[in-house]
Amino acid sequence: MSVIAERYNIPEQHFWLHGPRSGQPVEFDASAGMWNVYGYPELHEVLMDPATFSSNTMRVVPKEMLPKEGFSLEGFITQLDPPEHGKLRKLVSSAFTRKVVADLEPRIAALTHELLDEARDRGRFELVTDLAYPLPVIVIAELLGVPSSDRALFKKWADALFQRDAKPTLERRAEDLDAVMKPWREMSDYLADHAAERKLRPRADLLTRLVEAEVDGERLPDDQVVNFAIILLLAGHITTTMLLGNTVLCLDAFPDQQDKARADRSTIPDVIEESLRFLTPFAAVGRATTREVELGGVTIPADQVVMGWLAVANRDPRQFPNPDVFDPGRDPNPHVGFGRGIHFCLGAPLARLEGRVALNILLDRLNPLRTNPDDPAELMPTPTMTGVRRLPLL
Ligand code: HEM
């Protein structure tokens, strides 16, 4: 059994955290009606070939499994293939630049201290509620220019969209889609109102930059601004919350690595990268085959749903020796925690920055950084997400 599974109550569905998996790198799951890609080289093939493994997964979802009312992910950057994807990615990248992100460092540090001060004054410290959730949400809300005081609302939407328990079966997927319609619509309306406001009264925020973004004389249509803002608001906090919690779990389970990181802070970026490999927050990505294709010794027909298990590929011993050991010294560490290829995470610089700044401050202020054995960490049961939802610290 792996150190992590022994120490924490890891949900059964996160099978890759319970020790080495046996089985083939590519397998068909008849109950879910989809193909699972677990091997590193096989997943690499999938992610680098968008012509065969399309991101437009809605195309292959049977109509009866869609919610009754019109719901479409069409036009979402994560669902687009070339050439549309490249055009949109260029436009949004022109607003969400590395400089916009790098300039946030002092604000992220100040917020981390404020949140930790508040927790100290309350006399208890639960990492998720007190820091890992509010920090990235406040940062992304301020960056977009929507009131961070609305964050209870964002949490309600994000929970409704992401926190689901069981492995999806065909019937469940239809129910799940119905359950997400209401929060989805509320969130779209909320962001559409803010975007319309920025058109009338521009401000120094990312929503205004998105509304005004122009590449080769083209601007983003209104619905694309809203779609992209939705992705930022959701991706901008759920995943980074998981990254922070997971990194603390890793340093708790491997105290020698915590000592090393504390002694040499230049290794913190490597700690963050290894945390992304070891406890990959966004465990799987979906694709749909456009043609029959050979992968990992099996033949996948056209128009099939393919789940690419980033979290499992990140523990493929063919790529990472001793995958169940948390070792920030891995060099290179070509993990796929942020994906690979044309859809590589656009928010990676922000997630890395938040992780580095917050972890440095946590190490400054808490020595040792330890979970509470009398009040153990709880992980989210959602199979495609790896992250704590409660993490009391000593
Ligand atoms: C895409 C993971 C944080 C915005 C992705 C993908 C992964 C990922 C795996 C690729 C999806 C695919 O191939 O289908 C993560 C993780 C994060 C994180 C693990 C934190 C630890 C963020 C943040 C933002 C963000 C903070 C924005 C504020 C995006 C966007 C895409 C994306 C816009 C779509 C890019 C495209 O389709 O071209 N992310 N993400 N992510 N991520 Fe992140």
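Analysis parameters
- Residues numbered from 1 in each chain as written.
- Predicted model: local features only at pLDDT ≥ 70, side-chain atom pairs only at ≥ 80, totals over all residues.
- Heavy atoms only, no water.
- Donors = N, O, S within 2.8 Å, 3.2 Å for Na, K, Ca; no water.
- Helix = DSSP H or I, 4+ residues; strand = E, 2+ residues; numbered from the N terminus.
- Salt bridge = Lys/Arg side-chain N within 4 Å of Asp/Glu carboxyl O.
- Buried < 20%, exposed > 50% of the residue type's maximum accessible area, 1.4 Å probe, protein only.
- Pairing = 2+ DSSP bridges.
- Near = heavy atom within 4 Å.
- Polar contact = N/O pair within 3.5 Å; in protein donor to acceptor, adjacent residues only side chain to side chain.
- Nonpolar A, V, L, I, M, F, W, Y, C, P; charged D, E, K, R; others polar.
- Contact = heavy atoms within 4.5 Å.

Under the annotation held in an unreviewed UniProt entry, the protein chain carries the name Cytochrome P450 and is attributed to Nonomuraea purpurea.

(A) Seen up close, the coordination of the iron atom of the ligand. In this structure the iron atom of the ligand is ligated by exactly one protein donor, Cys345 (SG), at 2.3 Å. With respect to the secondary-structure elements, Cys345 resides in the loop between helix H14 (310–313) and helix H15 (348–365).

(B) Quick peek at the pattern of salt bridges. One pass over the structure, following the stated rule, counts 32 salt bridges. A salt bridge links Lys90 to Asp216; its shortest N-O distance comes to 4.0 Å. Taken together, the residues span a long stretch of sequence, with Lys90 in helix H3 (residues 84–95) and Asp216 in the loop between strand E4 (214–215) and strand E5 (218–219) at a distance of 126 residues. With relative accessibility at 48%, the residue Lys90 sits in the partly exposed group. Looking at Asp216, the relative accessible area reads 69%, which means it is exposed. The partner of Arg198 in a salt bridge is Asp205, and the shortest N-O contact between them spans 2.8 Å. Across the pair, exposure class does not vary: Arg198 and Asp205 are buried alike.

(C) Seen up close, the sheet that holds strand E9 (residues 305–309). Strand order in the open sheet made by the 5 strands is E1-E2-E9-E6-E3, with mixed pairing throughout. Pairing within the sheet leaves two strands with one partner each, and these edge strands are strand E1 (26–29) and strand E3 (53–54). Where strand E2 (residues 34–37) meets E9, 3 bridges bridge the pair, whose relative direction is parallel. Across the sheet, residue Trp35 finds its bridge partner in E9, namely Val306.

(D) Seen up close, the site of the ligand. The immediate surroundings of the ligand are formed by 30 residues, with His85, Arg89, Arg287, His343 and Cys345 found nearest. In the model, an oxygen atom of the ligand is placed 2.8 Å from a nitrogen or oxygen of the Arg287 side chain. When contributions to the shell around the ligand are tallied by element, the ones reaching two or more residues are H3, helix H11 (222–253), strand E6 (284–289) and H15. The element that contributes the greatest number of residues to the shell around the ligand is H11, accounting for 8 residues. Split into classes, the residues belonging to the shell around the ligand amount to 19 nonpolar, 9 polar and 2 charged.

(E) Region of interest: the pairing of E9. E9 sits mainly inside the fold: 5 of its 5 residues count as buried. Along E9, one buried face is formed by Val305, Met307 and Trp309 and the opposite face, lined by Val306 and Gly308, is buried too. Bridging between E6 and E9 involves 5 bridges; their strand directions are antiparallel. In the strand pairing of E9, Ala284 is matched with Trp309.

(F) Layout of the environment of Gly355. The residue Gly355 is located in helix H15 in this model. For Gly355, a relative accessible area of 0% gives the class buried. Look past the residues within four positions of Gly355 in its chain and what remains in contact with it is Leu244 and Ile272.

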